[in-house]
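# Working through the structure, step by step
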Protein chains: 2
Amino acid sequence: MTYELYYWPQIQGRGEFVRLALEDAGARYTDVARGRGGEARMMRLLGPGGAFAPPALKAGKLVLFQTPNILHWLAPRLGLAPRSEPARAALLQQQLTIADWLAEVHDTHHPVAAHLYYEDQKKEARRRAAEFRRERLPKYMKFFARPQKRFGYVHLSLFQMVEGLRYAFPNAMARLERRHPGLVEVHDAVLRRENVKAYLASPRRIPFNRMGIFRHYPELDD
Amino acid sequence: MTYELYYWPQIQGRGEFVRLALEDAGARYTDVARGRGGEARMMRLLGPGGAFAPPALKAGKLVLFQTPNILHWLAPRLGLAPRSEPARAALLQQQLTIADWLAEVHDTHHPVAAHLYYEDQKKEARRRAAEFRRERLPKYMKFFARPQKRFGYVHLSLFQMVEGLRYAFPNAMARLERRHPGLVEVHDAVLRRENVKAYLASPRRIPFNRMGIFRHYPELDD
């Protein structure tokens, strides 16, 4: 089975959580929108009857969207989740909480509307980011300081959260990581995995940038 | 099996999506936090190793949290979803999109932080709500204008979205419903279901109010 991943070609974004699972498992996949004509193919998947937004995953005739749904379906097939229903539910609820966390990260720089420029909502962003750093970020980091012991897709997603947050909020993270070493251990364990190391060193890993979900604006991390 | 639902006793909120499924199916359940000492029992379920936030559902020894995860597990047991994995995934991705929609509704009145009062973020709320009404609300209503034919938990959740949006944004909805009759049909079909009718007329249905996710502030619907 060669999977097809559909996601915006310029950013890591939500697609990265699926990409990390595929890469860690050494699965065969095509990153469709990064190939010739791929973005047009992705756009045809969107809309009523299709996906609400990227990422989408095509597995044979099956088309899935919504990152936690994709991972919930995919991970047992990649050896990144058990097959029993209660165990899968325990992971899905963690992943859904990561999705909420990620949406809050996004809204630190887009608190008014995703379709407006950051420059048009800087004042609101400053306020929202301050509250996020003070209240929400510690709450999430505390919650994820003791994840499931058995390695799986949630660990890969937590790795990505730490990577992204370090890029976006280096000052806040330097302070908070000392108080939540459990989450840092999860991050470091992922970083030692051979397939992850190879992936991060490859051109397949898109660098963080100011178009993605994790963005570094010094004024939002003071 | 008597299910136990744990959710804030003062509001419909996210718990309502689970409640509607239990009620429509005629399932036996206890709304724990609305009983004596129940809120304290709910608080003990929260935190690392437990749930990130309510709602939570207890089914025997299994404790589940995150609304879409609860419904994904519960619905096939209530006859509100098929049992095949691809069919369940098709519903889960719809429900996750409803969860995103609901979070955006929440943020219309809390664009800076959930832990601050509305009165402390009114200016930002006005801007966010205007963008929501103009850009996001039509996008979601269009997406859900043609849901799955087979009745299930997603229909119940779409009913709740329409009810809540009519309460919160009566002007915007009056305009938009004319352009998206498909979603209104889903709503009306749910309203004809006997168990739903009985539930809505009962004291178990908490009225909409200004503590919930759907809030009516005229200045956010002009």
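Residues numbered from 1 in each chain as written. Chains lettered and ligands numbered in written order. Predicted model: local features only at pLDDT ≥ 70, side-chain atom pairs only at ≥ 80, totals over all residues.

Looking only at helices and strands, one finds nine helices and four strands in chain A. Taken over the C-alpha trace, chain A has a radius of gyration of 17 Å; the compact-globule value for 222 residues is 17 Å, and the two agree within 12%. Based on the C-alpha atoms only, the size of chain A along its principal axes is roughly 45 × 40 × 35 Å. Among the 222 residues that make up chain A, the fraction classed as buried is 45%. Taking all contacts inside chain A whose residues are at least 6 apart in sequence as the whole, residues at least 24 apart take part in 71%. (Helix = DSSP H or I, 4+ residues; strand = E, 2+ residues; numbered from the N terminus. Rg over C-alpha atoms; globule rule 2.2 N^0.38 Å. Buried ≥ 20, exposed ≤ 12 C-beta atoms within 10 Å, placed from the backbone. Contact = placed C-beta atoms within 7 Å.)

With that out of the way, let us pick up the domain arrangement of chain A. Accessible area lost upon the coming together of the parts serves often as the stated size of an interface. All names here are of chain A. Here the domain parsing of chain A yields domain 1 (3-78) and domain 2 (85-193). On a C-alpha basis, the centres of domain 1 and domain 2 stand 21 Å from each other. At the interface, 11 residues of domain 1 touch 11 residues of domain 2. Looking at which element gives the most residues to the side of domain 1 that touches domain 2, the answer is helix 3 (residues 67-78), with six residues. Residue composition of the side of domain 1 that touches domain 2, grouped by class: seven nonpolar, two polar and two charged. (Domains from an automatic or database assignment. Nonpolar A, V, L, I, M, F, W, Y, C, P; charged D, E, K, R; others polar.)

For the rest of this paragraph, the subject is the environment of B:Tyr217. Note on placement: B:Tyr217 falls in the segment after helix 9 (194-200). Between the C-alpha atoms of B:Tyr217 and B:Tyr167, which are 50 residues apart in sequence, the distance is 9.7 Å.

All names here are of chain A. Strand order across the open sheet formed by four strands is 2-1-3-4, with mixed pairing between neighbours. In this open sheet, the two edge strands, each paired with only one partner strand, are strand 2 (29-31) and strand 4 (62-65). Taking each pair of neighbouring strands and ignoring which way they run, the sheet shows an average axis angle of 20°. As defined by bridge partners, strand 3 (residues 56-59) adjoins strand 4 across four bridges and the pair is classed as antiparallel. When the bridges of strand 4 are listed, alanine 56 appears paired with phenylalanine 65. Strands strand 1 (3-6), strand 2 and strand 3 of the sheet are contacted by helix 1 (residues 15-24), whose axis makes an angle of about 155° with strand 1. (Pairing = 2+ DSSP bridges. Axes fitted to C-alpha atoms, helices over the stretch in contact; angles between N-to-C directions.)

Residues and elements named next belong to chain B. Contact geometry for helix 4 (residues 85-109) and helix 5 (residues 122-143): axes closest at 8 Å, N-to-C directions at 160°. With respect to helix 5, the axis of helix 4 lies roughly antiparallel. Crossing hand, helix 4 versus helix 5: left-handed. Contact residues: helix 4 offers Thr97, Trp101, Glu104, Asp107, Thr108 and His109, while helix 5 offers Ala125, Arg128, Ala129, Phe132, Arg136, Tyr140 and Phe143. Among the residues making up the contact of helix 4 with helix 5, the classes are represented as six nonpolar, three polar and four charged. (Parallel < 35°, antiparallel > 145°, perpendicular 65-115°, else oblique. Left-handed = near helix turned anticlockwise from the far one by under 90°.)

Take the environment of A:Arg136 next. Residue and element names in this part refer to chain A. Take arginine 136: it is sitting in helix 5 (residues 122-143). Taking the C-beta count within 10 Å as the criterion, arginine 136 has 19 such neighbours and is therefore assigned partly exposed. Measuring from C-alpha to C-alpha, the distance between arginine 136 and threonine 30 comes to 36 Å, with 106 residues separating the pair along the chain.

The two copies are related by a screw motion: chain A maps onto chain B through a turn of 180° and a shift of 0.0 Å along the axis, at an RMSD of 0.0 Å. These values place the two chain copies in the arrangement generated by a two-fold rotation axis. The position closest to the rotation axis in chain A is occupied by the C-alpha of A:Pro111, lying 3.0 Å away. The residues that chain A uses at the interface reappear at the interface of chain B in 100% of cases, marking a shared surface. (Least-squares fit on C-alpha atoms with pLDDT ≥ 70 in both.)

Now for the nonpolar core. In this structure, A:Ala21, A:Tyr153, A:Leu158, B:Ala21, B:Tyr153 and B:Leu158 are the most contacted members of the largest nonpolar core, which totals 121 residues. With sequence-adjacent residues up to four places away left out, A:Tyr153 is seen in contact with A:Ala21, A:Leu71, A:Ala75, A:Leu80, A:Ala81 and A:Leu91. (Core = buried A, V, L, I, M, F, W, Y, C linked by C-beta atoms within 7 Å.)

The interface of chain A with chain B comprises 30 residues on the first partner and 30 residues on the second. Counting residues per element, the ones that place at least two in the side of chain A that touches chain B are strand 4, helix 3, helix 4 (85-109) and helix 5 of chain A. Residue composition of the side of chain A that touches chain B, grouped by class: 17 nonpolar, six polar and seven charged.

Okay, helix 1 (residues 15-24) of chain B next. Residues and elements named next belong to chain B. Most of helix 1 sits inside the fold, with 10 of its 10 residues counted as buried. Along helix 1, the residues classified as buried are Gly15, Glu16, Phe17, Val18, Arg19, Leu20, Ala21, Leu22, Glu23 and Asp24. Tucked inside the fold, the buried residues of helix 1 contact strand 1 (3-6), strand 2 (29-31), strand 3 (56-59), helix 3 (67-78), helix 6 (153-168) and helix 9. At the exit of helix 1 stands glycine 26, carrying a positive phi of roughly 65°.

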